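# Residue-level structural notes
Chain by chain, the residues run as shown.
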Amino acid sequence: MNTTEIKGNWNELKGKLKQKYAELTDDDLMFAEGKEDEMYGKLQQKLGKTKEEFHQMLSDL
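Fair warning: this is a prediction, and the values are worked out from it, not measured in the lab.

### What to know about helix 2 (residues 10–20)
Listed in full, the buried residues belonging to helix 2 are Trp 10, Leu 13 and Leu 17. Mapping the buried residues of helix 2 onto a view down its axis gives an arc of 65 degrees, with all of them on the same face. More than 90 degrees from the buried face of helix 2, the exposed residues found are Asn 11 and Gln 19.

### Focus on helix 4 (residues 51–60)
For helix 4, the complete set of buried residues consists of Phe 54, Met 57 and Leu 58. For helix 4, the angular spread of buried residues about the axis comes to 100 degrees, placing them on one side. Facing away from the buried surface of helix 4 by more than 90 degrees, the exposed residues are Glu 52 and Asp 60.

### What to know about the side chain of Gln 44
Mapped onto the secondary structure, Gln 44 falls in helix 3 (residues 36–47). For Gln 44, a relative accessible area of 16% puts it in the buried group. When sequence neighbours within four positions are dropped, the list of residues in contact with Gln 44 reads Lys 49, Thr 50, Lys 51 and Phe 54.

### Quick notes on the pattern of salt bridges
A complete count under the given rule lists three salt bridges for this structure. Close ionic contact of Lys 16 with Glu 12 constitutes a salt bridge, the shortest N to O distance being 3.2 Å. Note that Lys 16 and Glu 12 are positioned in helix 2 at a spacing of four residues, about one turn of the helix. Given a relative accessible area of 48%, Glu 12 falls into the partly exposed group. The partner of Lys 18 in a salt bridge is Asp 26, with the nearest N and O atoms 2.5 Å apart. For Lys 18, a relative accessible area of 34% puts it in the partly exposed group. Judged by relative accessible area, Asp 26 falls into the partly exposed class, the value being 49%.

### Description of the nonpolar core
In this structure, Leu 17, Leu 24 and Phe 54 are the most contacted members of the largest nonpolar core, which totals 13 residues. Sorting the residues of this core by element identifies helix 2, helix 3 and helix 4 as the ones contributing at least two each. Non-local contacts of Phe 54, meaning those with residues more than four positions away in its chain, are made with Tyr 40, Leu 43, Gln 44, Leu 47 and Lys 49.

Thresholds applied
- Residues numbered from 1 in each chain as written.
- Predicted model: local features only at pLDDT ≥ 70, side-chain atom pairs only at ≥ 80, totals over all residues.
- Heavy atoms only, no water.
- Buried < 20%, exposed > 50% of the residue type's maximum accessible area, 1.4 Å probe, protein only.
- Helix = DSSP H or I, 4+ residues; strand = E, 2+ residues; numbered from the N terminus.
- Arc of directions from axis to C-beta.
- Contact = heavy atoms within 4.5 Å.
- Salt bridge = Lys/Arg side-chain N within 4 Å of Asp/Glu carboxyl O.
- Core = buried A, V, L, I, M, F, W, Y, C linked by side-chain atoms within 4.5 Å.

The following block contains the structure:
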């Protein structure tokens, strides 16, 4: 799943991530234009995933 697909489906993905990982907050999932890498880094750190694992996880949702 590339960045354009993630942007287009963000609300749906956000809901699925919150269901699967209850520890995520709305602040963790705030998507700001131009701040994608910062948000991904925060989510990776909170979930203990590598960049590749995180992108695979998004594709699997």
